[in-house]
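So the chains spell out like this:
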Amino acid sequence: MSLISEENVRGGSVFRDLSADDEEWQPTEIESLCMNCYQNGTTRLLLTKIPFFKEIIVSSFSCTNCGWSNTEIQSAGRIHDQGVCYTLKVKSKQDLNREVVKADCAKTRIPELDFEIPPFTQKGSLSTIEGLLDRAVAGLEQDQPARRASEPQVAEKLDEFIQKLKKLKDVEHEFTLVIEDPSGNSFVENPVAPQKDEALTVTRFKRTVQQDQQLGIRADDDLEEEPAGNDLDTMRGEVLVFPTNCPECNAPASTNMKLVQIPHFKEVVIMATNCDSCGHRTNEVKSGGATELLGTKITLQVTDASDMTRDVLKSETCSVLIPELEFELGMAALGGKFTTLEGLLEDIKDLTVSKNPFVCGDSSDTDRVEKLKEFGEKIEKILAGEMKVHIVLDDPAGNSYVQNVYAPEPDPEMTVEKYTRTFEQNEELGLNDMKTENYQEAK
């Protein structure tokens, strides 16, 4: 039996937007074995697309013989270039209502209890913090009856630990929840968006070879190879093209890469991807040089609409602040970009309002939607030059840039401050463990 019928691929895509009005889009039913009574049951598969989020595969199993049922959500989107780690300080019962998208490859930890759920031990889920705790309790309680008969001491200790997990839902004391996902597909809700969430820390990280192998994007016997030497002079004059996949529809596409010298700044690598299938276009910027000795904080006072045409280079280590809106965008949220100030603000608006998965459908909240709508209106006023604000680009790596329209003279509307990085900033950049001097003697 074919999982995807010919009718399902009409229009060129097996994924269609989630809609209750689409009567033609029916799940595929497959007869499969029930793992509870070992009789035949029915599995239903639905390939769909959640608006402003991603493609997913929804599967549901039910057995008419014993009544056992099970549901599962799997991501059908691409694996991101970097992993993501969410660290949440749970301080009140309200935090337990935060919605969470947890991929099956994500690792979940509660350091205060020395508790960890390893990757690939649970199916992917869309739940809340409270739901994650309930699921962990249910998993530990599952084999307790048999364990009490065979290993009573172990069962007694587990009962004590289960009570500690249940007590977390009372939030009598603050605890920490860490979700580390090498695929980058997990998500923890920010209920105060677009403002910065003081209780939530989001960091991006480079996957290890072992994590690549677990995700199936690197063969087990694939070894790291030293990059071949390149002629920089030749690369500066050429546009390099290499095959890739579209981040939106995952269709085959091509990425163009070129070395560009930005006047009065430095050399950068610009990569642009165009998809012929869905029309999606994206660009990304990487610094062509080393991490600077000092961090850079650029503050631009936006006085009129003409400032929107200024060129902006935002590296992936740069955070963006708009003090008048009490808004802060963390590093790596939009990746590296070479655009204009108008383009940067449009991307911020799309990220926080238009493409926010929790402002529509059952996940929407009236107060939150109104707050985000008001934020979008303020961004529109800034773009039209009707609202004067300060745009702050804080880059501890020193690789970001805002065009000085008065160059080579100083810009009266812009200040550039150099500062010494803190230990925590060096840790995020991976510089504390980097040794470039006398490393041979240390062996």
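It should be emphasised that the depicted structure is a prediction, and the values quoted were computed from it without experimental measurement.

Asks: Talk me through the overall build of the protein chain; I want residue IDs and the actual numbers.
Replies: Assigned secondary structure in the protein chain consists of nine helices and 25 strands. Looking at the 443 residues of the protein chain, the share that counts as buried comes to 36%. Expressed as a percentage of contacts within the protein chain between residues at least 6 apart in sequence, the contacts between residues at least 24 apart total 61%. Accessible area for the protein chain stands at about 25,800 Å²; split by element, carbon and sulfur atoms hold 48% of it.

Asks: So what's going on with empty space enclosed by the protein? Which residues, and what values?
Replies: Across all of its chains, the model carries two cavities of 30 Å³ or more by this definition. Taken as a whole, the largest cavity spans an internal volume of roughly 90 Å³. Lining the largest cavity we find Lys 102, Thr 108, Ile 110, Phe 115, Ile 117, Gln 122, Ile 129, Leu 132, Leu 133, Ala 136, Leu 165 and Leu 177. Listed by contribution, the elements that provide at least two residues to the lining of the largest cavity are strand S8 (107–110), strand S9 (115–117) and helix H1 (129–141). In terms of residues, the lining of the largest cavity owes the most to one element, H1, which gives four residues. A per-class count over the lining of the largest cavity returns nine nonpolar, two polar and one charged.

Asks: Break down the pattern of salt bridges for me, citing the residues and quoting the values.
Replies: A side chain of one charge can pair with a side chain of the opposite charge when the charged atoms of the two come close. In total, this model carries 15 salt bridges according to the counting rule given. Note that Arg 44 is salt-bridged to Glu 29, the shortest N-O span being 3.2 Å. Linking Arg 44 in strand S3 (residues 40–49) with Glu 29 in strand S2 (residues 28–33), this pair joins segments that are 15 residues apart in sequence. The partly exposed category is assigned to Glu 29, whose relative accessible area is 42%. Here Arg 310 makes a salt bridge to Asp 307, at a shortest N to O gap of 3.1 Å.

Asks: If you had to explain unusual backbone geometry to someone new, which residues and values would you point to?
Replies: Of note, the phi angle at Asp 114 is positive, near 55 degrees, even though the residue is not glycine. Tracing the sequence through the fold places Asp 114 in the loop between S8 and S9. The exposure class of Asp 114 is exposed, given its relative accessible area of 72%.

Asks: How would you summarise the sheet that holds strand S11 (residues 175–181) if you had to cite specific residues and measurements?
Replies: Ordered by their spatial adjacency, five strands build an open sheet running S9-S8-S11-S6-S13, and the pairing between neighbours is antiparallel. Both outer strands of the open sheet, S9 and strand S13 (200–205), are each paired with one neighbouring strand and no more. Geometrically, the sheet is characterised by an average inter-axis angle of 15 degrees between neighbouring strands, direction not taken into account. Across seven bridges, the pairing between strand S6 (residues 83–90) and S11 is antiparallel. Looking at the pairing, Thr 87 lines up with Val 178 of S11. Helix-sheet contacts for H1 involve S6, S8, S9 and S11, and the interaxial angle to S11 is about 85 degrees.

Asks: So what's going on with a nonpolar patch on the surface? Residues and values would help.
Replies: On the surface, a cluster of nonpolar side chains totalling about 450 Å² of accessible area is made up of Leu 33, Met 35, Tyr 38 and Trp 68. Mapped onto the secondary structure, Trp 68 falls in the loop between strand S4 (55–62) and strand S5 (69–75). Take Trp 68: its relative accessible area is 34%, and that puts it in the partly exposed class.

Asks: Tell me about the sheet that holds strand S19 (residues 311–314), residues and numbers included.
Replies: Within the open sheet, the three strands sit side by side as S22-S19-S24. Their pairing is antiparallel. Strand pairing shows two members of the sheet lacking a second neighbour, strand S22 (337–340) and strand S24 (401–402), which therefore form its edges. As paired elements, S19 and S24 share two bridges and run antiparallel to each other. Considered in S24, the bridge of Val 312 is made with Val 402.

Asks: Tell me about the pairing of S19, and name the residues and values.
Replies: One face of the sheet, then the other: side chains in a regular strand alternate in exactly this way. Both S19 and S22 contribute to a ladder of four bridges, which runs antiparallel. Looking at S22, one finds that Val 312 is bridged to Thr 339.

Asks: Explain the confidence of the model for the protein chain to me, using residue names and the numbers behind them.
Replies: This prediction gives the protein chain a mean pLDDT of 80; 80% of its residues lie at or above 70. Scored below 50 in pLDDT, residues 1–14 shows 17 contacts in the model against residues more than four places distant or in partner chains. Residue range residues 225–229 is modelled with pLDDT below 50. Its contacts to residues more than four positions away, or to other chains, number zero contacts.

Asks: How would you summarise helix H3 (residues 152–167) if you had to cite specific residues and measurements?
Replies: With 16 residues, H3 ought to run about 22 Å at 1.5 Å a step, and its terminal C-alpha atoms sit 23 Å apart, in line with that. For H3, the complete set of buried residues consists of Ala 155, Leu 158, Ile 162 and Leu 165. Looking straight down H3, one finds its buried side chains confined to an arc of 70 degrees; they lie on one side. Exposed residues on H3 whose side chains face more than 90 degrees from its buried face are Gln 153, Glu 156 and Lys 157. Turning to H3, the residues buried within the fold contact S8, S9, H1 and helix H2 (144–150).

Definitions and limits used
Residues numbered from 1 in each chain as written. Predicted model: local features only at pLDDT ≥ 70, side-chain atom pairs only at ≥ 80, totals over all residues. Heavy atoms only, no water. Helix = DSSP H or I, 4+ residues; strand = E, 2+ residues; numbered from the N terminus. Buried < 20%, exposed > 50% of the residue type's maximum accessible area, 1.4 Å probe, protein only. Contact = heavy atoms within 4.5 Å. Areas by Shrake-Rupley, 256 points an atom, 1.4 Å probe, with all protein chains shown as cover. 1 Å grid on protein atoms, 1.4 Å probe; cavity = no way out; pocket = protein on both sides within 12 Å on 5 of 7 lines; lining within 4 Å. Points joined across faces, edges and corners; volume = space filled by probe spheres on them. Nonpolar A, V, L, I, M, F, W, Y, C, P; charged D, E, K, R; others polar. Salt bridge = Lys/Arg side-chain N within 4 Å of Asp/Glu carboxyl O. Pairing = 2+ DSSP bridges. Axes fitted to C-alpha atoms, helices over the stretch in contact; angles between N-to-C directions. Patch = residues over 30% accessible without salt bridge, like charges linked within 9 Å, V, L, I, M, F, W, Y side chains within 5 Å. pLDDT = per-residue confidence, 0-100. Expected span 1.5 Å × (residues − 1). Arc of directions from axis to C-beta.

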